[in-house]
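Secondary and tertiary structure notes
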Amino acid sequence: MTHLIAGLALDGPVRVLDGGNCFNGRGLARHLRRESRSFYLPLKRVQISRAFTCYQMTDLLQATPPLPAPTMVLDLLTTFYDESVPITERSRLLDEALSRIQTLSQQAMLVISAPLPTAGDELLPRLEASVDRVWRFEAESASVQPRLF
């Protein structure tokens, strides 16, 4: 995701909404420094907002204006896995968040990352059903050289 954010920042403004406290600003700065001598300008183009609860994530999405700038939502569902919030409340908030995501995606590119699915996860299928495209990235397995004999 850092490479994608850096590439977008080289071209114009980018909004990053971080739900898993996983955004690596230092890694982004390093990547931009390798790509451009004047990395300060692309770095200034990245607007970062963080949410630590499902309430904050829903509010953050609601407060995000529908602008033509690309928006990256990192680890969206992480805040909705908080077991201290009743599942009915989390479900209601997720519905609000998904509705807002639909609105935001009509104006500009919107990329959402989510953790890998776990057994019994009912939130990820709801997210996947509400978006246009789903890509699953898996860790590369160690390549094993085939035996000759």
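Residues numbered from 1 in each chain as written. Predicted model: local features only at pLDDT ≥ 70, side-chain atom pairs only at ≥ 80, totals over all residues. Heavy atoms only, no water.

Scanning the model with the defined rule gives four salt bridges in all. The salt bridge involving R50 is made with D18; its shortest N-O contact spans 3.2 Å. Of this pair, R50 sits in strand 2 (residues 46-50) while D18 sits in strand 1 (residues 14-18); the two residues are 32 residues apart in sequence, bridging distant segments of the chain. A relative accessible area of 38% places R50 in the partly exposed class. We classify D18 as buried; its relative accessible area is 0%. Taking the shortest distance from any N to any O, the salt bridge between R92 and E89 comes out at 2.7 Å. (Salt bridge = Lys/Arg side-chain N within 4 Å of Asp/Glu carboxyl O. Helix = DSSP H or I, 4+ residues; strand = E, 2+ residues; numbered from the N terminus. Buried < 20%, exposed > 50% of the residue type's maximum accessible area, 1.4 Å probe, protein only.)

This part is about the sheet that holds strand 4 (residues 110-112). The four strands are arranged 2-1-3-4 in an open sheet whose pairing can be described as parallel. Of all the strands in the sheet, the pair left with one neighbour each is strand 2 and strand 4. This sheet shows a mean twist of 15° between the axes of neighbouring strands, independent of strand direction. With respect to the sheet, helix 1 (residues 2-11) is in contact with strand 1, strand 2, strand 3 (71-74) and strand 4, its orientation differing from that of strand 1 by roughly 150°. Each of strand 1, strand 2 and strand 3 is contacted by helix 4 (residues 54-63), which is oriented at about 160° to strand 1, the strand it contacts most. (Pairing = 2+ DSSP bridges. Axes fitted to C-alpha atoms, helices over the stretch in contact; angles between N-to-C directions. Contact = heavy atoms within 4.5 Å.)

Here the focus is the pairing of strand 1. For a regular strand, side-chain orientation follows a simple rule: the groups alternate between the two sheet faces. In terms of burial, strand 1 is largely enclosed, as five of its five residues are buried. Burial along strand 1 is two-sided: the face carrying V14, V16 and D18 and the face carrying R15 and L17 are both buried. Relative to strand 2, strand 1 runs parallel, the two sharing five bridges. Within strand 2, the position partnered with L17 by the bridge is S49. In terms of strand pairing, strand 1 meets strand 3 through four bridges, oriented parallel. Of the residues in strand 3, the one forming a bridge with R15 is T71.

Membership of the largest hydrophobic core comes to 21 residues, with the highest contact counts inside it found for M57, L61, V73, L76, L77 and F80. Where this core is concerned, the elements lending two or more residues are helix 4, helix 5 (87-105) and helix 6 (123-129). With six residues, the single largest contributor to this core is helix 5. Not counting residues up to four positions away in its chain, the partners in contact with L76 are M57, L61, I101, I112, S113 and L127. (Core = buried A, V, L, I, M, F, W, Y, C linked by side-chain atoms within 4.5 Å.)

Moving on, we get to the side chain of S49. The topology assignment puts S49 in strand 2. The exposure class assigned to S49 is buried, which follows from its relative accessible area of 18%.

Right, let's talk about the packing of helix 4 against helix 5 for a bit. Two measures define how a pair of helices packs: the angle their axes make with one another and the distance between the axes. In contact at an axis separation of 9 Å, helix 4 and helix 5 are set at 20° when each is read in the N-to-C sense. As summarised for this structure, helix 4 and helix 5 are arranged roughly parallel, according to the angle between their axes. The crossing of helix 4 and helix 5 is left-handed. The residues of helix 5 that touch helix 4, namely those facing C54, Y55, T58, L61 and Q62, are E89, R90, L93, E96, A97, R100, I101 and L104. (Parallel < 35°, antiparallel > 145°, perpendicular 65-115°, else oblique. Left-handed = near helix turned anticlockwise from the far one by under 90°.)

Turning our attention to the confidence of the model for the chain. Averaged over all residues, the pLDDT of the chain is 85; the fraction at 70 or higher stands at 93%. Within the chain, the lowest mean pLDDT, 83, falls on helix 6, and the highest, 94, falls on helix 4. (pLDDT = per-residue confidence, 0-100.)

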